[in-house]
Amino acid sequence: MPPTPPLPRRKLPIGIQTFRQMRQEGYYYVDKTQFAWQLTEAGKYYFLSRPRRFGKSLFIDTLAELFTGSQDLFQGLYIGDRWDWSRQYPVIRLSFGGGILESRADLDQKLEELISRNATRLDLTLDPISLSGRFQHLIQQAHQHSGQRVVILVDEYDKPILDNLSNPDTARTIRDGLRSFYSVIKDSDAHVQFVLLTGVSKFSKVSLFSGLNNLQDITVDPRYSALCGYTEADLDAVFAPELAGLDRAEIRRWYNGYNWTGEAVYNPFDLLLLFSTREFRPYWFETGTPSFLVELLTRRHLFTPDLERLYASSSLLSAFDVDEMASSALLWQTGYLTLAGTRQLGARIEYALTYPNLEVKSSLSDALLKGLMGDSIAAERGQSQLFQRLQSNDIPGLRQHFASLYASIPHDWYRNNPIAQYEGYYASVFYSHIAALGLDISLEDTTHQGQIDLTLKFNGQIYLFEFKVVEFGPKGSAIAQLQAKQYADKYRALGQP
C-alpha cells in the first residue's frame, strides 16, 4: 500500500471562540461533540468549572449551533448523524465575559442588556417588569413562540463576582443579585430543555445556587475530564502537521497534566501559541494571573513547598465563596493546581493536588517569590545568579549566594513572630527561588514549621539541602544533626557526585 499522505496544515484558532468560523474558514478543530451528545442524552441541568482559556466559550457556542439546527457545521463530526435535526430550539445565551461590573447597578444594567438582546434575536416582546420577571417572561415567551422548550447557556457566570473579590462588599452584593437571577431557571422548569452554566470558580450551592440546586456538577467527573482541553490523541489526530521539529516529551512536560479525575489534557491556548511561535514559554500564565491571588497567598504566609502535594476534601474544594476562599480551593479552581489522585478515608474522599506542569510550577513559584521578597528585580537577579552557580558547580559560590539572598530580605516580615513562622517564610523563599528555575527538584519532607529536605538534580550533580533555623546551641550542632541523618546514603548508588 502507498504511504498515507501527510495531513494538510490548517489555520491555528488562536483566540477563536466561534464554532461556525472555525468550521467554515479552515481552522483546526478538535471534535468535542461526543461530550455534547452525552450531556443531552443523560440529563438536563449542568454546571462545569474550568480555568480560563480552556475552551469553555467555544463549547458553549458549539451547543448553541447544535440546538439551533446548524446541521451543515456538524458534517463529519461525532454528533453529525446522531442528532435529530428536525427539531430546532430557542437558545438564550448569557455571557459575562466582556467588561468589568463594579456595582449592583452595573450588574442590573448588564442583565437588562442580555435579556433585551435575546428577546430581539428571538423576535419577542417582553413586559416591562422586574429583571427576574423579564427573564422568566423571556423563557416562557420563547417556548410559546417556537413550540420547543428553551435552551439556556451561561458563559462565565461568575466573572462579575471574581472581578470584585478585592472588594468583598461589592462582590457580595453582586453575588446576591446573580443568585436571584439564576433562581428563575429552576422556576421555569416546564419551559426548559437544557441548561449549562460554565465559569472558572465553583461557588458553593448555598451561596449562589440555593435557588438553582438541581444543577448536576460535572466538574470532577471522569466522563467529562477531557471536555475542555486537548488530549494526547488530539495532538496525533488533529495537530500532527504542527509537531515536526518539536520535542514531544518537552511539550508534555511544559503544557500537559491538567486532570479532573479522568483523562489528562493540555491547555489549548499554550499549544496553539507554541505551534505558532515554535518557542516554549508560559503563554497561559502570562495572559493574566490575578494579582489578588499572589497577594492573598503571600498575606496568608502560604508555605510554598506544600504546593508540590496538598490534600483537600471534596467539600473544601466546593466551599468557595466571597467570605470563604481556602487557598487549596482557590489554586485548584483557577488552574494552578490540578488533581493527582484520590483517597478514601471512611466516608470522606480526599483529592491530592499538585502542579499540572512545568509552566505553572515555574511561573507561580516566580510570582510567589517576588511577592515574598517584595523586590521583583532582586528576585530575578537572584535566580540568574543561582543558575550560573549551579551550572559551574560552584559550591562556595552557592553558599555565599544563599547567605546574600537572605541578607537582602528585610527583617520586618518576621519581627515579633514566633520562630516557626519565619522558619516557614525562609523555607518558602528558598523553595520558590529554586522552583522558579524549573529544575528537577523533589521534596522529601515538608512541614508547616518550615523544615524542608530538598533534592536537586542538575547538570550531572545531586544537591541535598536541609533547611534549619538554629537559635541556640554550640556552633556546628546543626551540621552534626545533618550528618547523623545520613541523607546522602540513599543517593550514592546513582553514581553521581
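You'll find the structure just up there.
Numbers given for residues are sequential positions, taken from 1 along each chain in its written order. Local features in this predicted model are restricted to residues of pLDDT 70 or higher, and side-chain atom pairs are both shown and tallied only at a pLDDT of 80 or more, whereas totals for entire chains, interfaces and linings draw on every residue. Computation of side-chain values: all heavy atoms of the structure, hydrogens and water removed.

K.L.:
Please set out the sheet that holds strand 4 (residues 192-199) residue by residue, giving values where relevant.
P.N.:
DSSP-based pairing: two strands are paired if at least 2 bridges between them are found. Segments assigned H or I by DSSP are reported as helices when at least four residues long, segments assigned E as strands when at least two residues long, and all are numbered from the N terminus. Strand order across the open sheet formed by five strands is 2-3-4-1-5, with parallel pairing between neighbours. The two strands at the open ends of the sheet, each matched to only one other strand, are strand 2 (91-95) and strand 5 (216-217).

K.L.:
Before we move on, could you go through the sheet that holds strand 7 (residues 338-345) and cite the residues and values that matter?
P.N.:
As summarised here, the arrangement of the three strands in space is 6-8-7, forming an open sheet in which the pairing is antiparallel. Of all the strands in the sheet, just strand 6 (310-313) and strand 7 have a single pairing partner and so form its edges. Averaged over all adjacent pairs, the angle separating strand axes in this sheet is 30°, with direction ignored. To get an axis, fit a line to the C-alpha atoms, keeping to the stretch in contact for a helix; angles then go from 0 to 180 degrees between the N-to-C directions.

K.L.:
Requested: an account of the pairing of strand 8 (residues 348-354), with residues and values cited.
P.N.:
Only protein chains enter the accessibility calculation, which uses a 1.4 Å probe; a residue is then buried when its area is under 20% of its type maximum, exposed when over 50%, and partly exposed in between. Taking burial as the measure, the seven residues of strand 8 include five buried ones, the bulk of the element. Two successive antiparallel strands, strand 7 and strand 8, enclose a turn made up of two residues, where Gly-346 displays a positive phi of approximately 65°.

K.L.:
Can you explain the packing of helix 16 (residues 376-391) against helix 17 (residues 395-407)? Please cite residues and give values.
P.N.:
Following both chains from N to C, one finds helix 16 and helix 17 inclined at 165°, their axes separated by 9 Å at the closest point. Compared by their axis directions, helix 16 and helix 17 come out roughly antiparallel. Of the two possible hands of crossing, helix 16 and helix 17 adopt the one that is left-handed. Touching Gly-382, Gln-385, Leu-386, Arg-389 and Leu-390 of helix 16 are Gly-397, Leu-398, His-401 and Phe-402, all from helix 17. Any angle that falls under 35 degrees is termed roughly parallel, while one over 145 is termed roughly antiparallel, one within 65 to 115 roughly perpendicular, and all others oblique. Handedness of a helix crossing follows the sense of rotation of the near helix relative to the far helix, less than a right angle counterclockwise being left-handed and clockwise being right-handed. Whether two residues touch is decided by their heavy atoms; if any such pair falls within 4.5 Å, the residues are in contact.

K.L.:
If you had to explain helix 2 (residues 33-42) to someone new, which residues and values would you point to?
P.N.:
Buried within helix 2 are the following residues: Thr-33, Phe-35, Ala-36, Leu-39 and Thr-40. Relative to the axis of helix 2, the buried residues are bounded by an arc of 150° and lie together on one face. Those residues of helix 2 that are exposed and aimed more than 90 degrees away from the buried face are Glu-41 and Ala-42. Of the surrounding elements, those touching the buried residues of helix 2 are strand 1 (45-49), helix 3 (56-67) and strand 4. Our arc is simply the arc of the directions from the helix axis toward the C-beta atoms.

K.L.:
Explain the pattern of salt bridges residue by residue, including any values.
P.N.:
Whenever a carboxyl oxygen of Asp or Glu lies within 4 Å of a side-chain nitrogen of Lys or Arg, that contact is scored as a salt bridge. Within the structure shown, the criterion is met by 24 salt bridges. In this structure, Asp-61 and Arg-93 form a salt bridge, with 2.7 Å as the shortest nitrogen-oxygen distance. Residue Asp-61 is found in helix 3, and its partner Arg-93 is found in strand 2; the two are separated by 32 residues along the sequence. Looking at Asp-61, the relative accessible area reads 9%, which means it is buried.

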